[in-house]
Amino acid sequence: MKLFLDTAIYEEIQQAVSWGVIDGVTTNPTLIAKAGHDHEEQVKRICQIIGNVSAEVVSEKADDMIVEGRRLAAWHKNVIVKVPLTTEGLAAGKVLAGEGIRINVTLCFSVNQALLAAAIGAYIVSPFAGRLDDINEDGMRVVADIVAAYRQQEIKTKVLAASIRNPMHVTQAALAGADIGTMPFGVLKMLFLHPLTEAGQKKFLEDYRQARAASGSKADGGTRAQPDERGEYRKTQEAKSVPPVRSEAAAKR
Ligand code: E4P
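Scope of this entry: the structure provided in the associated data block. (Residues numbered from 1 in each chain as written. Predicted model: local features only at pLDDT ≥ 70, side-chain atom pairs only at ≥ 80, totals over all residues. Heavy atoms only, no water.)

Regarding the overall build of the protein
Now for step 1: Helices and strands together make up the secondary structure of the protein, namely 13 helices and 8 strands.
Now for step 2: Classification of the 253 residues of the protein by burial places 42% in the buried group.
Now for step 3: Considering only contacts within the protein whose residues lie at least 6 apart along the sequence, 55% involve residues at least 24 apart. (Helix = DSSP H or I, 4+ residues; strand = E, 2+ residues; numbered from the N terminus. Buried < 20%, exposed > 50% of the residue type's maximum accessible area, 1.4 Å probe, protein only. Contact = heavy atoms within 4.5 Å.)

This is how it looks when you write it as structure tokens:
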């Protein structure tokens, strides 16, 4: 499952890109409003650093969505045009998909809606798991059912698990077979965390430093400096005005 970031905040995207773990970004009108920048300017800026950037139309009529969708797609080759799962949105999506524009059908909440998205040739369908959970339905069950129906029907539209609210959603989306999971920056950061990783890394470094210190003390009576102590060591040597200790390799020559 590819990991996407669900945000329009440039700094968050830049940070996640630097970690090398994300393959795309999803935005929606709410996220664009939160980021507080001009829509076009912000989407173009995001497209400079990452591919697969969903940008959503805000028109209500199919004809207007088509015009708007063409404009969004022209902003950058990385743009995927997002249309809502309404009659107007799907009609517009069908025309845009026919022109070779990648379409993400958003606001999907059922298998039947996902079949409609596939019927218009959508590149992506976005079932909103968290919002289903919010109304006491099993959002990840719907994601899993869409994946199963698409496999059964040999449908190529990618399933993007959206409205992810926590790390468990990410695991569940992957196990359900979703092609993509999009998540807020806070959830992405949580994926890295495990107490055993933190404790294990701390112990590895402690053990390594202790072993180095012990081998150093055998070789030169404890006066040899370790890499992270060299600054202090040099200062001490200069103060004493004695020549620096030769390296182990040089000593053997
Ligand atoms: C992404 O494409 C969706 O717009 C987003 O995941 C919705 O998330 P929310 O339900 O937390 O607003």
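Now that the structure has been shown, we can carry on.
What about the packing of helix α4 (residues 62-75) against helix α5 (residues 87-98)?
Now for step 1: For the pair α4 and α5, interaxial distance at closest approach is 8 Å and the crossing angle is 45°. One element, α4, and the other, α5, form an angle in the oblique class. Between α4 and α5 the crossing geometry is right-handed. Residue-level inspection shows A62, M65, I66, G69 and R70 of α4 in contact with α5, the latter providing E88, G89, A91, A92, V95 and L96.
Now for step 2: Split by residue class, the contact of α4 with α5 holds 7 nonpolar, 2 polar and 2 charged. (Axes fitted to C-alpha atoms, helices over the stretch in contact; angles between N-to-C directions. Parallel < 35°, antiparallel > 145°, perpendicular 65-115°, else oblique. Left-handed = near helix turned anticlockwise from the far one by under 90°. Nonpolar A, V, L, I, M, F, W, Y, C, P; charged D, E, K, R; others polar.)

Here we look at the site of the ligand
Now for step 1: In the vicinity of the ligand, the contacting residues are D6, T26, N28, K82, F128, R131, A162, S163 and R165.
Now for step 2: Between the ligand and K82, the relevant distance is 2.7 Å, taken from an oxygen atom to a side-chain nitrogen or oxygen of the residue.
Now for step 3: Separating an oxygen atom of the ligand from a side-chain N or O atom of S163 is a distance of 2.7 Å.
Now for step 4: In the complex, 85% of the free accessible area of the ligand, which totals 340 Å², lies under the protein chains. (Near = heavy atom within 4 Å. Polar contact = N/O pair within 3.5 Å; in protein donor to acceptor, adjacent residues only side chain to side chain. Areas by Shrake-Rupley, 256 points an atom, 1.4 Å probe, with all protein chains shown as cover.)

Points about the packing of aromatic side chains
Now for step 1: The full count for this structure, using the stated rule, is 3 aromatic pairs.
Now for step 2: Taken together, a centroid distance of 5.7 Å and an interplanar angle of 5° make the contact between W19 and F185 stacked. Placement of W19 in helix α1 (residues 10-19) and of F185 in helix α10 (residues 185-191) is noted, with a sequence separation of 166 residues between them.
Now for step 3: F185 gets classed as buried once you look at its relative accessible area, which sits at 12%.
Now for step 4: Arranged with centres 5.6 Å apart and planes meeting at 65°, the rings of F109 and F128 form a pair that is edge-to-face. Taken as a pair, F109 in the loop between β5 (103-108) and α6 (111-119) and F128 in the loop between β6 (124-127) and α7 (129-134) lie far apart in primary sequence, 19 residues in all.
Now for step 5: Within the aromatic cluster, the residues linked to one another by ring pairs are W19, F185 and F192. (Phe/Tyr/Trp six-rings, centres within 6.5 Å; stacked < 30°, edge-to-face > 60°.)

Describing the nonpolar core
Now for step 1: Counting residues in each nonpolar core, the largest one holds 61 residues, and the members touching the most others are V81, I103 and V105.
Now for step 2: Broken down by element, this core gets its largest block of residues, 7 residues, from helix α8 (residues 139-153).
Now for step 3: In this structure, I103 is in contact with I80, V81, V83, G93, L96, A97, I120, A122, Y123 and I124, ignoring residues within four places of it in sequence. (Core = buried A, V, L, I, M, F, W, Y, C linked by side-chain atoms within 4.5 Å.)

Focus: the environment of R131
Now for step 1: Along the chain, the position of R131 falls in helix α7.
Now for step 2: Note: C-alpha distance between R131 and I164 (33 residues apart in sequence) is 8.8 Å.
Now for step 3: Apart from residues no more than four positions distant in its own chain, R131 is found in contact with L107, F109, S163 and R165.

Observations concerning the side chain of Q42
Now for step 1: Within the secondary structure, Q42 sits in helix α3 (residues 39-47).
Now for step 2: You can call Q42 buried: its relative accessible area is 1%.
Now for step 3: Residue contacts for Q42: discarding those within four places in its chain leaves A8, I9, Y10, A35 and H37.

Describing the pairing of strand β8 (residues 180-183)
Now for step 1: Residues I180 and T182 line one face of β8 and the alternating positions G181 and M183 line the opposite face, and both faces are buried.
Now for step 2: For the segment spanning strand β7 (residues 158-161), helix α9 (residues 167-176) and β8, crossover handedness is right-handed. (Right-handed = clockwise from strand over helix to strand, strands pointing away.)

Some points on the pairing of strand β4 (residues 79-84)
Now for step 1: Most of β4 sits out of view: 6 of its 6 residues are buried.
Now for step 2: Judged by which residues are buried, β4 turns out to be covered on both faces: V79, V81 and V83 on one side and I80, K82 and P84 on the other are all buried.
Now for step 3: Here strand β3 (residues 53-56) runs beside β4; their pairing, made up of 4 bridges, is parallel. Within the sheet, the bridge partner assigned to A55 lies in β4 and is V81.
Now for step 4: This β-α-β element, β3 to α4 to β4, shows right-handed connectivity.
Now for step 5: Sheet topology places β4 next to β5; 4 bridges connect them, and they run parallel. Its bridge partner being in β5, P84 is matched across the sheet by T106.
Now for step 6: Between β4 and its parallel partner β5, the chain crosses via α5, and the hand of that crossover is right-handed. (Pairing = 2+ DSSP bridges.)

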